[in-house]
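So the chains spell out like this:
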Amino acid sequence: MERTRTFDALQNIGQEVTLCGWVHARRDHGKIIFIDLRDRWGFLQVVCTPANKDLYAIAETLRPEWVIRVTGTVKERPEKLINPKLLTGKIEVEATELHVFNSAETPPFALDTDGYEVSEEIRMKYRYLDLRRERMKRNLVMRNNIIQMMRRFLGREGFVEIETPILTKSTPEGARDYVVPSRVHPGSFYALPQSPQQYKQLLMVSGFDRYFQIARCFRDEDTRGDRQPEFTQLDIEMSFITAEEILRLVEDLYIDIVRHVDQKKKIHKVPFPRISFKEAMDKWQSD
């Protein structure tokens, strides 16, 4: 079996393909059953007819979020049945084989919404379901694209990506440490890093004058709207530079990300407007 992604089916009109994914919805129209198959790449309509009795019998039992494999022929939809809202809205697959990998109970909440109507506690409890939402998928894909852009940009600028230790000693910083007991040294504890601050300074002393890392940071604080106990940051350190150089680097990085990751976003002014610290404080106090 060579699996075809829903998106790739557009290039296989008239050919047989095998698709794997989740049942997003099932619709019964007389003697024809339509299945909206969902995978990471999108949605694709599958058509099941009574001509194949065994397949049709299986299709009648399908419920949302069942995991299935479908083999069939990719066909163009009749013009009146084209769905312009879907990338694959001009095609459908006429099923010849249907296999259920796994059935599923009714989900505790609807997955075809943005999820704002569901409590955070319930969403976290069923995180594996919540991540099936289109909104959550877009967020993770966007995050991935931004990180890849950061790596490419900083690589062109001569930076070296270096991972620093997670298990470290406690250091005086602005928050409480998470501590991890040591098995080898009973009574002693490691600390999880609040930031890679000391390690990246060691790298500067060692001669790695341009370092970066997609760093995991841990701070034993109460969760707030703008802070979580565990978070990820782009960490950069440079030697022999001026304030203007670091400002220009970060500005160019942001511009590169916006222009390449999301074409719908527009930057109002390049270079970015600059204001002094005093101007910023005066505006903050006036607001």
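Calculation notes
Residues numbered from 1 in each chain as written. Predicted model: local features only at pLDDT ≥ 70, side-chain atom pairs only at ≥ 80, totals over all residues. Heavy atoms only, no water. Helix = DSSP H or I, 4+ residues; strand = E, 2+ residues; numbered from the N terminus. Contact = heavy atoms within 4.5 Å. Areas by Shrake-Rupley, 256 points an atom, 1.4 Å probe, with all protein chains shown as cover. Lys, Arg positive; Asp, Glu negative; His and termini not counted. Charge placed at Lys NZ, Arg CZ, Asp CG, Glu CD. Core = buried A, V, L, I, M, F, W, Y, C linked by side-chain atoms within 4.5 Å. Buried < 20%, exposed > 50% of the residue type's maximum accessible area, 1.4 Å probe, protein only. Pairing = 2+ DSSP bridges. Axes fitted to C-alpha atoms, helices over the stretch in contact; angles between N-to-C directions. Salt bridge = Lys/Arg side-chain N within 4 Å of Asp/Glu carboxyl O. Patch = residues over 30% accessible without salt bridge, like charges linked within 9 Å, V, L, I, M, F, W, Y side chains within 5 Å. Parallel < 35°, antiparallel > 145°, perpendicular 65-115°, else oblique. Left-handed = near helix turned anticlockwise from the far one by under 90°. Nonpolar A, V, L, I, M, F, W, Y, C, P; charged D, E, K, R; others polar. Phe/Tyr/Trp six-rings, centres within 6.5 Å; stacked < 30°, edge-to-face > 60°. Lys NZ or Arg CZ within 6 Å of the ring centre and 35° of its normal.

Things to note about the overall build of the protein
Step number 1: A count of helical and extended segments in the protein gives seven helices and ten strands.
Step number 2: Considered along the principal axes of its C-alpha atoms, the protein spans approximately 75 × 55 × 45 Å.
Step number 3: Counted over contacts in the protein with a minimum sequence separation of 6, partners at least 24 positions apart contribute 56%.
Step number 4: If you sum the accessible surface of the protein, you get close to 19100 Å²; carbon and sulfur atoms cover 53% of it.
Step number 5: Computing the positive centroid from 45 side-chain charges and the negative centroid from 44, the protein places the two 2 Å apart.

Some points on the nonpolar core
Step number 1: Membership of the largest hydrophobic core comes to 22 residues, with the highest contact counts inside it found for Ile35, Val46, Cys48, Leu62, Ile68, Val93 and Leu98.
Step number 2: Put simply, the parts of the chain that give this core at least two residues each are β1 (16-29), β2 (32-39), β3 (42-48), α1 (53-61), β4 (67-76) and β5 (91-102).
Step number 3: The leading source of residues in this core is β5, at four residues.
Step number 4: Once you skip the residues sitting within four places of it in the chain, Val93 turns out to touch Val17, Leu19, Leu44, Gln45, Val46, Val47, Gly72, Thr73 and Val74.
Step number 5: Within the second largest apolar cluster, 14 residues are counted, among which are Met150, Ile214, Leu249 and Ile257.

With respect to the sheet that holds β4
Whether parallel or antiparallel, the strands of a sheet pair through hydrogen bonds between backbone atoms.
Step number 1: The strand order around the closed barrel formed by five strands is β1-β2-β3-β5-β4, and the pairing between neighbours is mixed. On average, each strand axis in the sheet is tilted by 55° relative to the strand beside it, whichever way the strands run.
Step number 2: As paired elements, β1 and β2 share seven bridges and run antiparallel to each other. Residue pairing in the sheet places Arg26 in a bridge with Ile35 of β2.
Step number 3: Contacting β1, β2, β3 and β5, α1 crosses the sheet at an angle of about 75° to β5.

Some details on the pattern of salt bridges
Step number 1: Taken as a whole and assessed by the stated rule, the structure comprises 21 salt bridges.
Step number 2: Between Asp8 and Arg5 there is a salt bridge, with its nearest N and O atoms 2.7 Å apart.
Step number 3: The class for Asp8 is partly exposed, based on a relative accessible area of 21%.
Step number 4: With a relative accessible area of 31%, Arg5 lands in the partly exposed category.

Topic: a nonpolar patch on the surface
Step number 1: Taken together, the side chains of Phe7, Trp41 and Leu87 define a hydrophobic patch exposed on the protein surface, amounting to about 310 Å² of accessible area.
Step number 2: Assessed through its relative accessible area of 37%, Phe7 is described here as partly exposed.

With respect to the packing of helix α4 (residues 134-156) against helix α6 (residues 243-261)
The description of two helices packed together rests on the angle between their axes and the distance between the axes.
Step number 1: Interhelical geometry of α4 versus α6 gives an angle of 135° and a closest axis separation of 10 Å. Taken together, α4 and α6 sit at an angle that is classed as oblique. Seen from above, α4 lies across α6 with right-handed handedness. Residues Met142, Asn145, Ile146, Met149, Met150, Phe153 and Arg156 of α4 touch α6, and the partners they reach there are Leu249, Asp252, Leu253, Asp256, Ile257, His260 and Val261.
Step number 2: When grouped by side-chain class, the residues that make up the contact of α4 with α6 number nine nonpolar, two polar and three charged.

Things to note about the sheet that holds strand β9 (residues 210-218)
Step number 1: Within the open sheet, the three strands sit side by side as β6-β9-β10. Their pairing is mixed. The open sheet has two edge strands, β6 (160-161) and β10 (230-238), and neither has a second partner.
Step number 2: Relative to β9, β6 runs parallel, the two being bridged by two bridges. Bridge pairing in β9 links Glu161 to Phe212.
Step number 3: Lying over the sheet, helix α5 (residues 197-206) contacts β9 and β10, oriented at roughly 20° with respect to β10.

Remarks on unusual backbone geometry
Step number 1: Of the consecutive residues Val270 and Pro271, the connecting peptide bond is found in the cis state with omega at 0°.
Step number 2: The topology assignment puts Pro271 in the loop between α6 and α7 (277-286).
Step number 3: Although it is not a glycine, Glu65 adopts a positive phi angle of roughly 75°.
Step number 4: With respect to the helices and strands, the residue Glu65 is situated in the loop between α1 and β4.
Step number 5: Taking relative accessible area as the criterion, Glu65 reaches 6% and is therefore assigned buried.

Here's the deal with the packing of aromatic side chains
Step number 1: Under the criterion given, the structure shown has two aromatic pairs.
Step number 2: On the numbers, 6.2 Å between centres and 80° between planes, the contact of Phe109 with Tyr126 is edge-to-face. Of this pair, Phe109 sits in the loop between β5 and α2 (120-125) while Tyr126 is found in the loop between α2 and α3 (127-130), placing the two residues 17 residues apart along the sequence.
Step number 3: Judged by its relative accessible area of 9%, Phe109 falls in the buried class.
Step number 4: For Tyr126, a relative accessible area of 22% puts it in the partly exposed group.
Step number 5: The ring of Trp41 has Arg40 sitting right over it, with the charged end atom 4.0 Å from the ring centre.
Step number 6: When the ring centre of Tyr116 is taken as origin, the NZ or CZ atom of Arg135, which lies over that ring, is 4.2 Å away.

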